Amino acid sequence: MRELFIKLSKMKRSTIFLILIVGMLIPFFVTLKFPYTASPPTKAVFDYIENLPEGSVILVSVDYGPSTLPETEPMLEAILKHAFIKNIRVIGIALTEEGTNLGLRAFENVAKEFKALYNIDIRYGADYVYLGFKSGSEAAILGLGEDIRKVFPKDYSGRDIEDLPMMFNIKNYNDISLVITISSTMLPQQWIIYAQGRYGVPLAIGTTAVLATDWYPYLQSGQIIGLIGGLKGAAEYENLVNWKFKMEGRSLFGMKAIRNMNAVTIAELLIILFILLGNIGYFLEKKGG
Amino acid sequence: MRRFFGEILPLAMAFFFGTTLALQYFFPFRFAQTYYQTMLQWVIGVASMAVIMAVISFIRYNFRKIFEGRDSFSASVALIGFLMMVGLGIFSRESGSLFDKMYNNVYVPINATMFSLLAFYMASAAYRAFRARTLEATLLLVAAILIIIGSTPIGTLLNMDSLTAWILNVPNLAQKRGILIGVGLGAAATSLKIILGIERNWMGGR
């Protein structure tokens, strides 16, 4: 037995990779039902949007890149689904170059899904607008507090912002009920300092699991109203949105975040197993001299 | 003249704009607000210029590599890719355009794949290096395992959510706050040094 554990603690890298890939593929073929009870920070974001009156406006900043897409895109899509079903209008912007197209893609995908599943038209210019990328993130965040038109005179496709009906009565943060930054960078810090700190706009953050711990101090201090942390947070939010759809008697949207999180759960369990095996082998070897 | 443009003028500008922009925050007059909004437009303009500088630098660097025959293949690929995406993006960026297709079907999968590889290397590194050799390493190991379990639904099944939340809200927050206060004080001190001309590294160390 001792020899076996020592041998197991010296697996080849390729073997580890193979076990991991096989493990992560399981949830894509077998339905796994893990509980996704919403954590308080995720629930806070959901409840805040849920309690907004119809016709409110939220601003979503797409501040991530393709490298963290599997974690961040399901968050954005779940938030958009929640907002659109509540008749909440959404302004999309991007403060990272890479996020520009990703944001557009998420907005259009969700709008298409609404049409296909419920025959609901999510109209560009009336239900949502996408203003695209602006460099100089700090100045852009501050500028949005003064006048959106000065920062984004045109939308992503070059249409004058004055031609978009949704934007008629929206000037700055005073007309926005919530700002959500979906980010894989440190940009939320700028949103906290400038948008929340200076203009007092309610702020929520959706971020990768690695960065989530960085924003806990702001959650506890009340500077952010909620936090969606990593793929688990996305799965929790998606679960809440699906629950809402079920309550309203609608068919469910895709379970992108939940399915991906199942794969991550298997991977994380395997990593713990590897760590334990490595340590058992280490101690047995040390004991045996 | 060279000293004036290279040293005195930048220092004077840093002092003037640094102090006035800090002071305007405390003066709710129309003039202060107009000045602040004008400066915001300038910052966005200057940031856009930085993007142009980066593009020029990228083109020059890769052209030089090609002409000098150093790693010319990768430099050519980088330049062709760059010029192609810029060219496509100028003509049409709409959904379904060639630019959009290239971005979503080439750039996004490449980038996501590179990052996904991290999971495999992390698993391998954790297996080899995460050993309970000392007390500190053991504490780190135990905390890491608890957080990993807590960040999966298994944590909920094992009723560990409150323990994970405690680790994140108490020890994690204590050290984060310490770091944040340190960083904040450091940033304030560095800003003051730049405004007063004591810190001059931003001018190239003069």
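These numbers come from a predicted model, not from an experiment.

For chain A, the helix and strand inventory stands at 12 helices and 6 strands. For chain A, the spread of C-alpha atoms along the principal axes amounts to about 75 × 40 × 35 Å. For chain A, the proportion of contacts with a sequence separation of at least 24, taken over those separated by at least 6, is 75%.

Residues and elements named next belong to chain A. Most of strand β2 (residues 89–94) is tucked away: 6 of the 6 residues are buried. Where burial is concerned, the two faces of β2 agree: the one with Arg89, Ile91 and Ile93 and the one with Val90, Gly92 and Ala94 are both buried. The pairing of strand β1 (residues 57–63) with β2 spans 5 bridges and is parallel. Bridge pairing in β2 links valine 60 to glycine 92. Traced from β1 through helix α4 (residues 69–85) to β2, the parallel crossover comes out right-handed. In the sheet, β2 pairs with strand β3 (residues 128–133) via 4 bridges, with the strands oriented parallel. Each residue of the ladder has a partner; that of valine 90, found in β3, is tyrosine 128. After leaving β2, the chain enters helix α5 (residues 99–118) and then returns to the sheet as β3, a path that is right-handed.

This next bit is on the nonpolar core. Considering soluble globular proteins, one finds that nonpolar side chains tend to be buried as a cluster. Residue and element names in this part refer to chain A. The biggest cluster of nonpolar side chains holds 96 residues, and the ones touching the most others in it are Ile58, Val60, Leu80, Val179, Leu203, Ile224 and Tyr237. Among the elements that take part in this core, helix α12 (residues 256–287) stands out by supplying 9 residues, more than any other. Sequence-distant contacts of valine 60, defined by excluding residues within four places in its chain, comprise Leu76, Ile79, Val90, Gly92, Ile180 and Ile182.

About the cut-offs
Residues numbered from 1 in each chain as written. Chains lettered and ligands numbered in written order. Predicted model: local features only at pLDDT ≥ 70, side-chain atom pairs only at ≥ 80, totals over all residues. Helix = DSSP H or I, 4+ residues; strand = E, 2+ residues; numbered from the N terminus. Contact = placed C-beta atoms within 7 Å. Buried ≥ 20, exposed ≤ 12 C-beta atoms within 10 Å, placed from the backbone. Pairing = 2+ DSSP bridges. Right-handed = clockwise from strand over helix to strand, strands pointing away. Core = buried A, V, L, I, M, F, W, Y, C linked by C-beta atoms within 7 Å.

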